[in-house]
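# Architecture and fold: a report
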Amino acid sequence: MKPIREKRNLYALLFLVSICMVVWLATTFMSEAILALGAISLIFLLLLVRQNRLLYDAMLIWDNRILEVASVIISKPRRIKRNTEGIVVSAFGLIVGTEIYRWGLDGIQGARLHAVQIDRERIYLTFGDEAQTMRVELLHGITKKEKVLEAAQKLHHETGVTADIAGW
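Here is a short report on the structure shown in this document. The structure displayed is predicted, hence computed values, not measured ones. (Residues numbered from 1 in each chain as written. Predicted model: local features only at pLDDT ≥ 70, side-chain atom pairs only at ≥ 80, totals over all residues. Heavy atoms only, no water.)

Moving on, we get to the pairing of strand 4 (residues 87-90). Along a regular strand, successive side chains alternate from one face of the sheet to the other. Every second residue of strand 4 is oriented toward a common face, with I87 and V89 on one face and V88 and S90 on the other, all of them buried. In terms of strand pairing, strand 1 (residues 65-69) meets strand 4 through four bridges, oriented antiparallel. Residue V69 lies in a different strand from strand 4, and its bridge partner there is I87. Strand direction decides the pairing type here: strand 4 and strand 5 (residues 93-96), joined by three bridges, are antiparallel. Residue pairing across strands places I87 opposite V96, the latter belonging to strand 5. As consecutive antiparallel partners, strand 4 and strand 5 are separated by two residues. (Buried < 20%, exposed > 50% of the residue type's maximum accessible area, 1.4 Å probe, protein only. Helix = DSSP H or I, 4+ residues; strand = E, 2+ residues; numbered from the N terminus. Pairing = 2+ DSSP bridges.)

Below you can see the structure in the form of structure tokens.
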């Protein structure tokens, strides 16, 4: 979440600097430069709003986390990605490093968590909408059955999806 916050702060700083330059150029009556910097300021504002929304989603997921894991394999149609950065699973989505995969935030039309399977080594999450479905394999590192049952109960309580537990 720290890289997301740092990027948001960078966009805010760039937006502030560009606005200050627009105001300064407005005092010198350089209309072409004002228009160019005004357009750049607008772009920085849009990037800032987008990054702020991403930070909000990351904070929502982080504050409602169910578990943190060490490694993940993300399967999208025709693409597989591995990652070992800070991985957090919550009722609202998944944070993998600086990427956020959301579910349950956009109402009926949004992405939903469809299935959860837990075995001795991994947790498999399947989520998406009609257009795209993703499968995520999380290397959980949980050694006690009680902890697995607790995680499954939290997932069921928060998302309504019952976990399929195998191999315990």
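Additional details are given in the paragraphs that follow.
Another point: the sheet that holds strand 4. Pairing in this open sheet of four strands is antiparallel, and the strands run 1-4-5-6 from one edge to the other. With partners counted over all chains shown, the strands left at the sheet margins are strand 1 and strand 6 (99-102), one partner each. Strand-to-strand twist of the sheet, defined as the mean angle between neighbouring strand axes without regard to direction, takes the value 15°. Bridging between strand 5 and strand 6 involves four bridges; their strand directions are antiparallel. Along strand 6, the bridge assignment pairs V96 with E99. Of the strands in this sheet, strand 1, strand 4, strand 5 and strand 6 touch helix 2 (residues 31-63), which is tilted by about 70° from strand 6. (Axes fitted to C-alpha atoms, helices over the stretch in contact; angles between N-to-C directions. Contact = heavy atoms within 4.5 Å.)

As a further point, take the nonpolar core. L94, V116, L125, V136 and L138 are the most contacted members of the largest nonpolar core, which has 28 residues in total. Contributing elements (two or more residues each) for this core: strand 1, strand 2 (71-76), strand 4, strand 5, strand 7 (112-118), strand 8 (122-128), strand 9 (133-139) and helix 3 (145-159). Top contributing element to this core by residue count: helix 3, with four residues. Once you skip the residues sitting within four places of it in the chain, V116 turns out to touch I123, Y124, L125, L155, V161, T162, A163 and D164. The next biggest cluster of nonpolar side chains, apart from the first, holds seven residues, and it includes I4, A58, V88 and I100. (Core = buried A, V, L, I, M, F, W, Y, C linked by side-chain atoms within 4.5 Å.)

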